[in-house]
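Architecture at a glance
Listed below are the residues making up each chain.
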Amino acid sequence: ETLRTDFVSNVSHELKTPLAVLQNYGALLEEPNLPEEKRLEYAKSINRVTKHLSELITNILKLNKLESQKITPSFRKCNVSETLCECLITFESEWDIKNLEINADIEEDVYISSDPEMLMIIWANLFSNALKFTPEGGKINVNLKKNGNNVSVSVSDTGCGMDEKTMERIFDKFYQGDTSHSEKGNGLGLALVKRVIDMLGGEITVESTPTVGSTFTVKLKAN
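So, here is what we can say about the structure in this document. (Residues numbered from 1 in each chain as written. Predicted model: local features only at pLDDT ≥ 70, side-chain atom pairs only at ≥ 80, totals over all residues. Heavy atoms only, no water.)

Even without being glycine, Asp109 reaches a positive phi, approximately 50 degrees. Unusually for a residue other than glycine, Thr211 sits at a positive phi of about 70 degrees. Tracing the sequence through the fold places Thr211 in the loop between strand E6 (203-209) and strand E7 (213-221). For Thr211, a relative accessible area of 71% corresponds to the exposed category. (Helix = DSSP H or I, 4+ residues; strand = E, 2+ residues; numbered from the N terminus. Buried < 20%, exposed > 50% of the residue type's maximum accessible area, 1.4 Å probe, protein only.)

In structure tokens, the structure reads:
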């Protein structure tokens, strides 16, 4: 009951901020004789906050379904290499905007028994995280290797990095070590990743150095 109350409290807090921002911009748009430049600026801000709010609600629903076991893995033979490449390409416009260097060392045709849709949840959140914290002109490395009965996927960035205290809580729901980026995330992505990986029988580790960057490594069984 304590956990439930804490979760509801956190959700309410996370929803309150973007809703307040939307309300403020809505009020500004009602001003008469508003210059076109300002109108476009406010409209873009509303779209940005609305997207953030939509992602927050989507992640809350996914996490709730996973934790209540309304979603269970559907294991079948799947190509990890393809799921990684397909997911990475969906972020192409975002890395172009920030002029990021993307280095992909992905072993071809690596097959495992897993749930491809759940794998996409993992990759999408790890890529999104790397893009979020990597400054303009930085680098992101994606590696996929098969070692015997294990498959290892690592996503590295040259972002702000984390200290030991942050790394200890990075998979906690709603925890955000770097609050300066809070408007771009909601502290649920990595919690979602950890829950999915646990359900797939894998593990995830993180190595990070402040001001240098972070590396998230996912290990899954090949068979």
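Moving on to the nonpolar core. Counting 49 residues, the largest nonpolar core has Ile122, Trp123 and Phe127 as its most contacted members. Those elements that provide at least two residues to this core are helix H2 (36-67), helix H3 (80-89), helix H5 (116-133), strand E4 (139-147), strand E5 (150-157), helix H7 (189-199), E6 and E7. Element by element, the count of residues in this core is highest for H5, at nine residues. With residues near it in sequence (within four places) discarded, Ile122 still touches Val193, Val196, Ile197, Leu200 and Val218. (Core = buried A, V, L, I, M, F, W, Y, C linked by side-chain atoms within 4.5 Å. Contact = heavy atoms within 4.5 Å.)

Running from amino to carboxyl end, H3 crosses H5 at an angle of 45 degrees, the nearest separation of the two axes being 9 Å. Accordingly, the angle class assigned to the pair H3 and H5 is oblique. H5 is crossed by H3, and the crossing has right-handed handedness. For the pair formed by H3 and H5, the contact residues are Val80, Thr83, Leu84, Glu86, Cys87 and Leu88 on the first element and Pro116, Leu119, Met120, Trp123, Ala124 and Phe127 on the second. Its residues placed into classes, the contact of H3 with H5 shows ten nonpolar, one polar and one charged. (Axes fitted to C-alpha atoms, helices over the stretch in contact; angles between N-to-C directions. Parallel < 35°, antiparallel > 145°, perpendicular 65-115°, else oblique. Left-handed = near helix turned anticlockwise from the far one by under 90°. Nonpolar A, V, L, I, M, F, W, Y, C, P; charged D, E, K, R; others polar.)

The next subject is empty space enclosed by the protein. Left-over empty space is what a probe sized like a water molecule reveals as it rolls over the atoms. Within this structure, the stated rule accounts for one cavity of 30 Å³ or more. Empty space within the largest cavity amounts to approximately 40 Å³. Together, Leu88, Phe91, Trp95, Ile102, Phe127, Leu131 and Ile140 line the largest cavity. Partitioned by chemical class, the residues of the lining of the largest cavity number seven nonpolar, no polar and no charged. (1 Å grid on protein atoms, 1.4 Å probe; cavity = no way out; pocket = protein on both sides within 12 Å on 5 of 7 lines; lining within 4 Å. Points joined across faces, edges and corners; volume = space filled by probe spheres on them.)

Turning next to H5. Over its 18 residues, H5 extends 26 Å from the first C-alpha to the last, a length consistent with the 26 Å expected when each residue adds 1.5 Å. Counting buried positions over the 18 residues of H5 gives 14, a clear majority of the element. (Expected span 1.5 Å × (residues − 1).)

Turning our attention to the environment of Glu101. Examined against the element boundaries, Glu101 turns out to sit in strand E2 (residues 101-106). Every residue in contact with Glu101, bar those within four places of it in the chain, is listed here: Gly138, Lys139 and Ile140. In this structure the side chain of Glu101 is engaged in a polar contact, spanning 3.2 Å, whose partner is the side chain of Asn103. (Polar contact = N/O pair within 3.5 Å; in protein donor to acceptor, adjacent residues only side chain to side chain.)

Attention now moves to a negative patch on the surface. Taken together, the side chains of Glu82, Glu86, Glu107, Glu108 and Asp109 present a region of like negative charge at the surface. Note that Glu86 resides in helix H3. (Patch = residues over 30% accessible without salt bridge, like charges linked within 9 Å, V, L, I, M, F, W, Y side chains within 5 Å. Areas by Shrake-Rupley, 256 points an atom, 1.4 Å probe, with all protein chains shown as cover. Salt bridge = Lys/Arg side-chain N within 4 Å of Asp/Glu carboxyl O. Lys, Arg positive; Asp, Glu negative; His and termini not counted. Charge placed at Lys NZ, Arg CZ, Asp CG, Glu CD.)

All right, on to H7 then. Among the eleven residues in H7, eight count as buried, and that is most of the element. Every buried residue of H7 is accounted for by Gly189, Leu190, Ala191, Leu192, Val193, Val196, Ile197 and Met199. Within two residues after H7, Gly201 carries a phi angle of roughly 80 degrees, on the positive side.

Let's shift gears to the side chain of Asp115. Relative to the helices and strands, Asp115 is located in the loop between strand E3 (111-114) and H5. Nearest to the buried, unbridged Asp115 among oppositely charged side chains is Arg76, at 4.7 Å. Reaching out from Asp115, the side chain makes a polar contact with the backbone nitrogen of Ser74 at a distance of 2.8 Å. Among the polar contacts listed, one links the side chain of Asp115 to the backbone nitrogen of Glu117, at a separation of 3.0 Å. Sequence-distant contacts of Asp115, that is, excluding residues within four places in its chain, are made with Thr72, Pro73, Ser74, Phe75 and Leu200.

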